[in-house]
Amino acid sequence: MARPKSTLLNPRTTHFEFFGPIGVTFVFLTTSLLPYLLYFACEQPGQCPPSSVTALVNRLQAITLAELFNAQVCLLYIGWFLYLVVLYYVVPGSLVPGTELRTGERLTYRINGFRSLLVTCGLIFLLHRVYGPAPFIYITDHFVHWITAAWLFATLQALFLYVRSFRNHSSKPANPPVLLALGGNSSNWFYDFFIGRELNPRVLGGTLDLKVFCELRPGIIGWLVLNFSFLIKQAQALDGYITESMALIFFLQGLYTFDTFIYESSVLTTMDVTTDGFGWMLSFGDLAWVPFIFSIQARYLALEPVLLGPVGTGLVVAVGIASFLIFRLSNSQKNIFRTNPHDPRVRGLKYIETESGSKLLISGWWGLARHINYLGDWLFGLSWCLTTGFGSPIPYFYIIYFGILLIHRERRDDHKCRLKYKQDWDRYCSIVKYRIVPGIY
Ligand code: NDP
């Protein structure tokens, strides 16, 4: 078969995200610094945030290298990553095809994340039985060191993948040409390093897809381990008790983690996997941002135990369950419809046919807004923040950031769908008028 010319296969990127190279430099710097800033702004009980900006600035100026970097933690972090790679190979799983690439091929993915999660939960239980709270207190006490370890790992991984994306396969006919992400081939090296040049980088003879591996495992399972460690930390401070707020955050975020892995294969159809390259943005997001930003509420509660009382608990449970149902039911409805439109659970739903051959739902959850699933996800995040009460704005950082991410993500998805569906997308938007919040946005 004739091989496509590399410029035909990988056209130059003409549309820039984040306002181009200057914008991505800004995002690189701010997102790198924010996990540290949020830590030092919420380090001591009663000072989360510190009483004044001057107090915070003084603390930041007094930071030493030893507070930021620890070689033992870096080695343990590499061990954590390798442990999950081993589970990826030894835990039984199924092989699932991904979406069709623009070369017409489909890659196959090994799905065994849920079982890897269960094995890890079993090991955590064992570790606690054998060694008590000590290993978990070690994890919480080295929080900043873990951030640095993950940042270094994510950055080195992104650099390695950027350089590797230039490999030449012409001398190896058995190997496919390197498929680049349409958005990460601008020829500005920093922009491409940030966005991600290669679409589906695979290592170890093509058996380990680094993007899909990192998307869920080290970060999301690591987040659960961090939450458990903060729960243990609170229990140690309160003579073996934990507050209902800590139990709630552990339960709600545990539900999100388990849900993610139960529906592991649905990650294969997300924009991250089908469209984005694997660059610094995803590498850092998956490995550093998710565990160290998403655990912000549990970390706060370990520092400042909050008693919600029956009314507060009821409110958090109500918001949490309702939003989780919106999130889960809407995502499932689309998945079922796309897999089998004749399934009795979606048979009565209305949809429009498009010239591309795909069908777009216009009733049920997807008749309410074009991304009603984002609304459920955001409100679920709000329920996490509410577990911390109203004593500090720091734990609410999560929903501010997540709101910005979802608005930006919806615009990107809209752009992608407009290119794909053309006038059919306008027709769809005239029927389903709202982007995320029915009646408002
Ligand atoms: P979606 O699951 O919302 O899927 C969007 C795609 O679905 C579109 O590109 C289109 O693809 C298809 N589609 C759009 N409208 C319709 C319709 N009416 N009927 C049928 N198909 C339609 O995208 P995401 O990957 O962004 O989100 C998945 C979940 O992951 C969400 O719940 C989101 O909240 C969550 N998420 C969480 C994050 C976190 O950090 N916690 C980060 C990102 C996402 P096609 O080309 O196939 O038509």
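Since the structure is predicted, the reported quantities are computational estimates derived from the model, not experimental observations.

Draft legend 1. Quick look at the overall build of the protein chain. Of regular secondary structure, the protein chain possesses 19 helices and six strands. Taking 22 Å as the expected radius of gyration for a compact globule of 441 residues, we find that the protein chain reaches 23 Å, a close match to that expectation. Taken over the C-alpha atoms alone, the protein chain extends approximately 65 × 55 × 45 Å along its principal axes. Looking at the protein chain residue by residue over its 441 residues, the buried ones come to 52%. Counting contacts in the protein chain only where the partners sit at least 6 residues apart, residues at least 24 apart contribute 76% of the total. Side-chain charges in the protein chain split into 36 positive and 27 negative, and the spacing between the mean points of these groups amounts to 7 Å.

Draft legend 2. Examining the site of the ligand more closely. If you check the shell around the ligand, you find 23 residues, and the closest are Arg 338, Tyr 374, Asp 377, Asp 413 and Tyr 421. For the ligand, an oxygen atom lies 2.6 Å from a polar atom in the side chain of Arg 338. Taking 940 Å² as the accessible area of the ligand by itself, protein coverage stands at 86%. Every element with two or more residues in the shell around the ligand is listed here: helix H15 (309–339), strand S6 (359–361), helix H17 (372–386) and helix H18 (397–421). Residue composition of the shell around the ligand, grouped by class: 11 nonpolar, four polar and eight charged. Viewed by domain, the shell around the ligand spans two of them, domain 1 (19–42 + 65–307) and domain 2 (310–319 + 339–441), each represented by three or more residues.

Draft legend 3. How the structure looks around the UniProt feature "transmembrane region" (unreviewed entry) in the protein chain. Look at the UniProt record and you will see "transmembrane region" (unreviewed entry) annotated at residues 21–41, 69–91, 112–131, 143–163, 238–258, 278–294, 306–327 and 378–407. Across residues 238–258, helical content stands at 71% and strand content at 0%; the span's end C-alpha atoms are separated by 28 Å. Secondary structure over residues 278–294 splits into 88% helix and 0% strand, and the C-alpha atoms at its two ends are 21 Å apart.

Rules used in this analysis
Residues numbered from 1 in each chain as written. Predicted model: local features only at pLDDT ≥ 70, side-chain atom pairs only at ≥ 80, totals over all residues. Heavy atoms only, no water. Helix = DSSP H or I, 4+ residues; strand = E, 2+ residues; numbered from the N terminus. Rg over C-alpha atoms; globule rule 2.2 N^0.38 Å. Buried < 20%, exposed > 50% of the residue type's maximum accessible area, 1.4 Å probe, protein only. Contact = heavy atoms within 4.5 Å. Lys, Arg positive; Asp, Glu negative; His and termini not counted. Charge placed at Lys NZ, Arg CZ, Asp CG, Glu CD. Near = heavy atom within 4 Å. Polar contact = N/O pair within 3.5 Å; in protein donor to acceptor, adjacent residues only side chain to side chain. Areas by Shrake-Rupley, 256 points an atom, 1.4 Å probe, with all protein chains shown as cover. Nonpolar A, V, L, I, M, F, W, Y, C, P; charged D, E, K, R; others polar. Domains from an automatic or database assignment. UniProt positions renumbered as here; feature names shortened; annotations may be inferred.

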